[in-house]
Amino acid sequence: AARMHVEAVIPCLSDSLSQANISLDNIDAICVTCGPGLVGALLVGVSAAKGLSEMTGKPLVPVNHINAHISANYLVHSDLKPPFMTLVVSGGHSEIIKVSDWNKFEIIAGTRDDAAGEAIDKIARVLGLGYPSGPKMDNIAQNADVGRYTFPKPTAGSGLDFSFSGIKTFALNLIHQYEQRQEKIDIASFAASYQSSVANVLAENAVAACIQSGYNTLCIAGGVSANSFLRKKISELATANDINLYMPPLDLCTDNAAMVAAAGYYNFINGVRADLSLNAYPSIQQMQY
């Protein structure tokens, strides 16, 4: 991943400036994700941003990756304003976050083990659906029998935390049992049932967090927020509980520079700056921004 980032970062920058028909002279700041995430990939971005900042004299603005995902919604929903609740779900994150201001948030629930996206991707790969595994699993499950297979509810006790390792292991064992009996799995219905179980608990806990906190606004963010099962379930629950729901368009769900710029804008106007000592932070517990 890091090597591919090295290969792509300069061409991506050049193409972006060209398509926007601007130069580095036209921008006000260099915003960069410094974590959490894969440390090798983060280091490439941070190093490139520090080089650009030093070369241009533009201020360097650090961005929390989770805040960036949340900020994707600001690009398309001009009426969305803090405070609100957010469900952030991706290959590395499954958190319910209370957003009190544009660049201030508090994690109130999360996964005890695997993230929802990782749990979906792993089973999609085992089913032989190829890459990108998450979207392919979503596509193949459309119009399939969502009740064909039964999975355990992926919760962690009575609170709002998640636990997806159990449902992932259950699915793997079920697949192996079918293979040992030389029986064929209905892959589309298996994918539908599995995703429905994951989506249901994500939506239920997010809406429960709103109700417990007295919030009537909820948004979703992250790569898994593009999942059709999650979008359908959380829309139904939000409507039933009179909660205003905001969802980013599909092209802003996965990692993208626009969401980093959106989060960086609010850091920039609030005076958040970094110098050349800025480092990459793979864990959210290490984040300083």
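In this text, all values refer to a predicted model and were calculated from it rather than measured experimentally.

**Concerning the packing of aromatic side chains**
For the coordinates displayed, the defined rule picks out 11 aromatic pairs. Arranged with centres 6.3 Å apart and planes meeting at 80°, the rings of Tyr74 and Phe84 form a pair that is edge-to-face. Of this pair, Tyr74 sits in the loop between α3 (65-71) and β3 (84-89) while Phe84 sits in strand β3, and the two are 10 residues apart along the sequence. The pair formed by Tyr74 and Phe84 is uniform in burial state, with each residue classed as buried. Relative to Tyr194, the ring of Phe151 lies with its centre 5.4 Å away and its plane at 80°, an arrangement referred to as edge-to-face. Remark: Tyr194 occurs in helix α7 (residues 187-213) and Phe151 occurs in the loop between α5 (133-140) and α6 (165-180); sequence separation between them is 43 residues. Tyr194 carries the same exposure label as Phe151, and that label is buried. An aromatic cluster is built from Tyr149, Phe151, Phe170, Tyr178, Phe190 and Tyr194, whose rings are joined through pairwise contacts. Over the ring of Tyr178 we find Arg181; its NZ or CZ atom is 5.0 Å from the centre of that ring.

Analysis parameters
Residues numbered from 1 in each chain as written. Predicted model: local features only at pLDDT ≥ 70, side-chain atom pairs only at ≥ 80, totals over all residues. Heavy atoms only, no water. Phe/Tyr/Trp six-rings, centres within 6.5 Å; stacked < 30°, edge-to-face > 60°. Helix = DSSP H or I, 4+ residues; strand = E, 2+ residues; numbered from the N terminus. Buried < 20%, exposed > 50% of the residue type's maximum accessible area, 1.4 Å probe, protein only. Lys NZ or Arg CZ within 6 Å of the ring centre and 35° of its normal.

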